[in-house]
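A look at the structure
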Amino acid sequence: MTAMRRVRSIVKAGCMLGCLVLSPAVTGLTFPLPPAGTDVVGQVQRIEAEAGDTLLSLGREHGIGYEEMRRANPSVDVWLPGEGTEVVIPSRYILPRGERDGVVVNVAEMRLYYYPDAEEAEQAVVETYPISVGRMDWSTPLGESRITEKTEDPYWFPPQSILTERREQGRPLPDAVPPGPDNPLGRHKMRLDIPGGAYLIHGTNEPRGIGMRVTHGCIRMFPEDVESLFNRLPSGASVRIVNQPVKAGWAADGLLIEAHPVLPAEAENAYDPMKPPPMEKAVEAIAPVLDRRADRVDHQRLARAIETADGMPARISRRDEVAGFNLKRP
């Protein structure tokens, strides 16, 4: 049964300008780019698992990473959901703060956004893909960057730090790994202009790890996804890497917030996949967008969304000003 036939119901409104696009060859999702003042794309779905499905296989089929699927389905067995089990596909997103241009990587949600140039008279879109990023001791650097080199069927030359680590683990690596099924870079790599190391956007020979903090600082993608970007992104393309564990934005149903577990630097160097972000991050995300409309923030809804930190946008506004409050300082 195909992904589209498996969709049973849409449980949250979203993607007001159109529905998500599922490509048979690429796991990423494509949405019409919303107009200025609207920040939310996509829609959450509920499907029924079939015999032999896992949360990982369903996630890859629908463009969702491991942690996203696990947090959206806390009571479902990752490896054996069971035929007929209802599975949530968390495919609704608040776009990251900042310019909607080029490639934007939000390490907190382990997701990449790409805003391709729209030809005149074409509908502008945003594409989004699940990724893996650096683990606690090998974090992915933040900031503005660009693609400086593109290589197909690359060799992998492990840096000395990785050679030392693997040797200490009793799993030594050669100084060079040739192209092929054993190459951790997969078939495509794009080098980033980041000082102090060889940071890449690349594929993988272990796709089960997509959507986890498992890399040595690189941005890892499903093979089909990185190939799609590789074929379209030119050298020199801009890449902005941000850490936004809380995103806020407007949709037709009000002000929404999307909360993700904090990264190690904000969690006392101990990565807990379920540790909610601090409330200060919510205030930081809400403040720039709050003045667009008359709605006020409901503090109970906000606290619940932050504590849950399930990565799915939740409405936190209401127009009853007595019951809510305004985060803007007098």
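Residues numbered from 1 in each chain as written. Predicted model: local features only at pLDDT ≥ 70, side-chain atom pairs only at ≥ 80, totals over all residues. Heavy atoms only, no water.

Per an unreviewed UniProt entry, the protein goes by L,D-transpeptidase family protein and derives from Spiribacter aquaticus. In its Pathway (unreviewed entry) section, the UniProt entry covering the protein states "Cell wall biogenesis; peptidoglycan biosynthesis." Recorded in UniProt for the protein, the comment headed Sequence similarities (unreviewed entry) runs: "Belongs to the YkuD family." (UniProt positions renumbered as here; feature names shortened; annotations may be inferred.)

With that out of the way, let us pick up helix H7 (residues 299-308). If you check which residues of H7 are buried, you get Leu302, Ala305 and Ile306. End-on, the buried residues of H7 take up no more than an arc of 95°, which puts them together on one face. Exposed residues lying more than 90 degrees from the buried face of H7 are Gln300, Arg304 and Glu307. Summarising the contacts, the buried residues of H7 are in contact with strand E17 (246-251), strand E18 (254-259), helix H6 (279-286), strand E19 (296-297) and strand E20 (314-315). Sitting at the amino-terminal end of H7 is aspartate 298, which places a side-chain oxygen 2.9 Å from the backbone nitrogen of glutamine 300. (Buried < 20%, exposed > 50% of the residue type's maximum accessible area, 1.4 Å probe, protein only. Helix = DSSP H or I, 4+ residues; strand = E, 2+ residues; numbered from the N terminus. Arc of directions from axis to C-beta. Contact = heavy atoms within 4.5 Å. Polar contact = N/O pair within 3.5 Å; in protein donor to acceptor, adjacent residues only side chain to side chain.)

Next up on the list: helix H5 (residues 223-230). Most of H5 sits out of view: six of its eight residues are buried. Those residues of H5 not exposed but buried are Glu224, Asp225, Val226, Ser228, Leu229 and Phe230.

Time to look at the nonpolar core. If you look at the biggest cluster of nonpolar residues, it comprises 24 residues, and the most contacted ones within it are Val105 and Leu112. At the level of secondary structure, the elements contributing two or more residues to this core comprise strand E8 (102-106), strand E9 (111-115), strand E10 (125-134), strand E12 (188-192), strand E15 (219-221), H5 and strand E16 (238-242). Apart from residues lying up to four places away in sequence, leucine 112 is in contact with Val103, Val104, Val105, Glu127, Thr128, Tyr129, Ile131, Met221 and Leu229. Listed in part, the 22 residues of the second largest apolar core include Leu33, Leu55, Leu56 and Val78. (Core = buried A, V, L, I, M, F, W, Y, C linked by side-chain atoms within 4.5 Å.)

Listed under "active site" (unreviewed entry) in the UniProt record, and renumbered for this structure, are His202 and Cys218. Taking the farthest pair of C-alpha atoms as the criterion, the annotated set spanning 17 residues converges on one region, since that pair is 7.6 Å apart. Summarising the element assignment, histidine 202 is placed in strand E13 (residues 200-202). Here cysteine 218 is to be found in the loop between strand E14 (213-215) and E15. Beyond its immediate chain neighbours, meaning those up to four positions away, cysteine 218 contacts Ser132, Val133, Gly134, Thr140, Ala198, Tyr199, Leu200 and His202.

For the rest of this paragraph, the subject is the sheet that holds E17. Pairing is antiparallel in the open sheet, where three strands are placed in the order E17-E18-E20. Each edge of the sheet is formed by a strand with only one pairing partner; in this case those strands are E17 and E20. Sheet topology places E17 next to E18; six bridges connect them, and they run antiparallel. Bridging from a neighbouring strand, alanine 248 pairs with isoleucine 257 of E18. Running at roughly 40° to E17, H6 makes contact with E17 and E18 of the sheet. Contacts from H7 reach E17, E18 and E20, with the element oriented near 25° to E18. (Pairing = 2+ DSSP bridges. Axes fitted to C-alpha atoms, helices over the stretch in contact; angles between N-to-C directions.)

We now examine the environment of arginine 293. Here arginine 293 is to be found in the loop between H6 and E19. Here arginine 293 falls in the partly exposed class, since its relative accessible area comes to 28%. Discounting residues that sit within four places of it in the chain, arginine 293 has contacts with Gly37, Thr38, Trp250 and Ala251.

Another aspect to go through is the pattern of salt bridges. Per the counting criterion, the structure on display carries 17 salt bridges. Within the structure, one salt-bridge network assembled from shared partners comprises Asp39, Arg100 and Arg292. (Salt bridge = Lys/Arg side-chain N within 4 Å of Asp/Glu carboxyl O.)

Quick look at the confidence of the model for the protein now. Averaged over the protein, the pLDDT score is 83; the fraction of residues at 70 or greater is 82%. Within the protein, strand E7 (residues 92-94) carries the highest mean pLDDT (98), whereas strand E1 (residues 7-10) carries the lowest (34). Contacts from residues 266-271, a stretch scored under 50 in pLDDT, to residues over four places away or in other chains number 14 contacts. (pLDDT = per-residue confidence, 0-100.)

In terms of residue burial, E18 counts as a mostly covered element, since six of its six residues are buried. Hairpin connection, E17 to E18: the antiparallel pair is bridged by two residues.

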